[in-house]
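Take a look at the letters that make up each chain.
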Amino acid sequence: MTRPISLSRGAGVALWRQISETLEREIRDGVHPAGARLPTEAELSERFGVNRHTVRRAMAELEEQGLVDVTQGRGTFVHLGAIAYLIGRRTRFHENMKRENRAARLELLDSAAEAASAAIARELDVPAGTPVIRLDTRSHADGLPLSLASHYFPAARFPGIVEIFRETGSVTASFARLGVTDYTRRRTRVSARLPDAREQRLLEITRTRPVMATEALNVDADGTVVEFGLSSFASDRIQLVFEG
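What you see is a predicted model, and the numbers here were worked out from it, not measured in a lab.

## A few points about the sheet that holds strand E4 (residues 104-115)
Okay, so step 1: Taking strand neighbours across the sheet as the criterion, the six strands line up as E4-E5-E6-E9-E8-E7 in an open arrangement whose pairing is antiparallel. With one partner strand each, in any of the chains shown, E4 and strand E7 (183-193) form the two edges of the open sheet. Between one strand axis and the next, the sheet turns through 15 degrees on average, direction left out of account.
Okay, so step 2: Pairing of strand E8 (residues 211-220) with strand E9 (residues 225-234), which is carried by nine bridges, proceeds in the antiparallel orientation. Paired with threonine 214 across the two strands is serine 231, which belongs to E9.
Okay, so step 3: Each of E4, strand E5 (131-141) and strand E6 (144-154) touches helix H6 (residues 161-168); the most contacted strand, E4, lies at about 170 degrees to it.

So, in structure tokens, the structure goes:
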């Protein structure tokens, strides 16, 4: 249990900075291990004898340093460190999380049957206007949002994939149910940019934290395109590792 701290007032060092330095030292010494929830603003205010605004400024500094993750409604957690996410011929979300000993969850945010735009049709190698199914998902690792994705599938080949995905929570398992027992990555394109308002809200990140945006194309054993995906990853929570 952490002890009350008497701050040095009038010493030329702002109180919020003294608090952030104390918590930083405790994090690095293992007092607050990776993934641990830090005390609430009220508890820290009492511990350091300051108001909540001062504590909030200290926590913002720790977040800027990448030492903590502040999530609205859940609290502040010691940063777990970047997850090594392998990109190779067979890129699988649940396998990547299992390899990293992370609790994984793939959440369905939305789905729709729609006519393929010219850009989506080009990627799926079908005529523009062809019916496609879109799944919008959010991935979680140890309870923290990791990425957002929009997955596009040819509707004629994958009828019922929305219901199957609701049941399995896995694209790979959904494919298997629909006769695609193996698929490989043909192409991955990566870029970096600042998040939009939706990404800030759903990934629980600040507007100054970049996201890694990816485009991915997956094909079956015959080389036929089965999925085109657009994803955005919280860049401070993941490292994309490309396998040779």
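## Examining the side chain of serine 147
Okay, so step 1: Structurally, the position occupied by serine 147 is in strand E6.
Okay, so step 2: Since its relative accessible area comes to 8%, serine 147 is described here as buried.
Okay, so step 3: Polar side-chain contacts of serine 147 include one of 2.6 Å to the side chain of serine 139.
Okay, so step 4: Apart from the residues within four sequence positions on either side, serine 147 is in contact with Thr137, Arg138, Ser139, Leu203, Ser232 and Phe233.

## Concerning the layout of surface pockets
Okay, so step 1: The calculated volume of the largest pocket comes to roughly 480 Å³.
Okay, so step 2: Lining the largest pocket we find 27 residues, and of these Tyr85, Thr91, Phe93, His151 and Arg185 sit closest to its centre.
Okay, so step 3: When residues of the lining of the largest pocket are traced back to their parent elements, those giving at least two are strand E3 (83-87), helix H4 (93-99), E5, E6, helix H7 (171-177), E7, E8 and E9.
Okay, so step 4: The element contributing the most residues to the lining of the largest pocket is E9, with four residues.
Okay, so step 5: Per-class residue counts for the lining of the largest pocket are nine nonpolar, 13 polar and five charged.
Okay, so step 6: Counted as a void, the second largest pocket has a volume near 310 Å³.
Okay, so step 7: Forming the boundary of the second largest pocket are 20 residues, of which Glu41, Met59, Val70, Gly75 and Thr76 lie nearest the centre.
Okay, so step 8: Those elements that place two or more of their residues in the lining of the second largest pocket are helix H2 (41-48), helix H3 (52-64), strand E1 (68-71) and strand E2 (75-78).
Okay, so step 9: Considering every element that reaches the lining of the second largest pocket, the biggest residue donor is H3, with six residues.

## Brief notes about empty space enclosed by the protein
Okay, so step 1: Counted under the stated rule, the structure contains two cavities of 30 Å³ or more.
Okay, so step 2: Contributing to the lining of the largest cavity are Asp69, His79, Leu80, Gly81, Ile83, Arg102, Ala141, Leu144, Leu146 and Arg237.
Okay, so step 3: Counted by class, the lining of the largest cavity contains five nonpolar, two polar and three charged residues.
Okay, so step 4: Here the second largest cavity defines a volume of roughly 40 Å³.
Okay, so step 5: What lines the second largest cavity is Glu63, Asp69, Val70, Glu204, Ile205, Thr206, Arg209, Asp236 and Arg237.
Okay, so step 6: The residue inventory of the lining of the second largest cavity, partitioned by class, reads two nonpolar, one polar and six charged.
Okay, so step 7: When residues are assigned to domains, the lining of the second largest cavity turns out to be shared by domain 1 (15-78) and domain 2 (83-242), each giving three or more.

So, how was this worked out
- Residues numbered from 1 in each chain as written.
- Predicted model: local features only at pLDDT ≥ 70, side-chain atom pairs only at ≥ 80, totals over all residues.
- Heavy atoms only, no water.
- Pairing = 2+ DSSP bridges.
- Helix = DSSP H or I, 4+ residues; strand = E, 2+ residues; numbered from the N terminus.
- Axes fitted to C-alpha atoms, helices over the stretch in contact; angles between N-to-C directions.
- Contact = heavy atoms within 4.5 Å.
- Buried < 20%, exposed > 50% of the residue type's maximum accessible area, 1.4 Å probe, protein only.
- Polar contact = N/O pair within 3.5 Å; in protein donor to acceptor, adjacent residues only side chain to side chain.
- 1 Å grid on protein atoms, 1.4 Å probe; cavity = no way out; pocket = protein on both sides within 12 Å on 5 of 7 lines; lining within 4 Å.
- Points joined across faces, edges and corners; volume = space filled by probe spheres on them.
- Nonpolar A, V, L, I, M, F, W, Y, C, P; charged D, E, K, R; others polar.
- Domains from an automatic or database assignment.

Read these as geometric descriptors, not functional statements.
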